[in-house]
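Here is how the chains run, residue by residue.
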Amino acid sequence: MTARAGEPFDVGRVTSRIEAALSAPVPATGPTTSEGEPGTGEWTVTRGAGFLLLPLWEGEALTGVYGPEWNDAEAAAEANLAALVTELDHRWGPHRTVSMRVPLHRSRTGAPLPEPFRTLAAKDCYGDLTVWGPVPLDGPPTTPRAPRWLALSLNQSDGDAPMIITALVSTRPVEEPHERP
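Residues numbered from 1 in each chain as written. Predicted model: local features only at pLDDT ≥ 70, side-chain atom pairs only at ≥ 80, totals over all residues. Heavy atoms only, no water.

### Overview of the environment of Lys123
Looking at the secondary structure, you find Lys123 in the loop between α4 (117-122) and β5 (129-135). Assessed through its relative accessible area of 29%, Lys123 is described here as partly exposed. Distance from Lys123 to Glu35, taken between C-alpha atoms, is 13 Å for residues 88 residues apart in sequence. Once residues within four sequence positions are removed from consideration, Lys123 is found in contact with Ser34, Trp43, Thr46 and Leu53. (Helix = DSSP H or I, 4+ residues; strand = E, 2+ residues; numbered from the N terminus. Buried < 20%, exposed > 50% of the residue type's maximum accessible area, 1.4 Å probe, protein only. Contact = heavy atoms within 4.5 Å.)

Right, dumping it as structure tokens:
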């Protein structure tokens, strides 16, 4: 579960979260750590060297949901992601797609993954990445800022789990890792 559970999808609210994440400090070094809501422990953000990973939206749990109802839930989640992608394409120009095929294969074989793909795999974020970057940061910076890349993905850890839209903010280009480490 994430801290976004139970919130209806709203493009404006999600876009505001993305803008805040793009302006947030990103650790240059150090271990990867996940944070949760103080009262519930529900996931709010994961920080690692050069990146942030955070949930933007979480659908309903799909326990006991099958057939047409499951398909409807998947279509609704895909429509939410498409609406967000349309908004961000309007702001920053066309996105590109980074496949998670290689990281998925490597994680299943035990081969090492580079960050942020290691963390994406650890969080069951296997959806292909919709990427922009470097994205312009609005307003005059008070201190020099590194360029930022943004990647969105739609994920589901298993058939009963809710679908989750996540954002990856990176200080390095987000590119598909090579087939071999």
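There's plenty left to go through after this.
### Things to note about the layout of surface pockets
Considering only enclosed or pocket space, the largest pocket measures out at about 210 Å³ in volume. Lining the largest pocket are 14 residues, with Met1, Thr2, Lys123, Ser157 and Ile164 sitting closest to its centre. (1 Å grid on protein atoms, 1.4 Å probe; cavity = no way out; pocket = protein on both sides within 12 Å on 5 of 7 lines; lining within 4 Å. Points joined across faces, edges and corners; volume = space filled by probe spheres on them.)

### What to know about the packing of helix α1 (residues 11-23) against helix α2 (residues 67-92)
Here α1 crosses α2 at 55 degrees, and the two axes come no closer than 10 Å. Between α1 and α2, the interaxial angle falls into the category oblique. The element α1 and its partner α2 pack so that their crossing is right-handed. Side by side, α1 and α2 meet where Val11, Val14, Thr15, Ile18, Glu19 and Leu22 of the first sit next to Ala83, Leu84, Glu87, Leu88, Arg91 and Trp92 of the second. (Axes fitted to C-alpha atoms, helices over the stretch in contact; angles between N-to-C directions. Parallel < 35°, antiparallel > 145°, perpendicular 65-115°, else oblique. Left-handed = near helix turned anticlockwise from the far one by under 90°.)

### As for α2
With 26 residues, α2 ought to run about 38 Å at 1.5 Å a step, and its terminal C-alpha atoms sit 37 Å apart, in line with that. Summarising the contacts, the buried residues of α2 are in contact with α1, β3 (51-58), β5, β6 (148-155) and β7 (164-170). At the exit of α2 stands Gly93, carrying a positive phi of roughly 90 degrees. (Expected span 1.5 Å × (residues − 1).)

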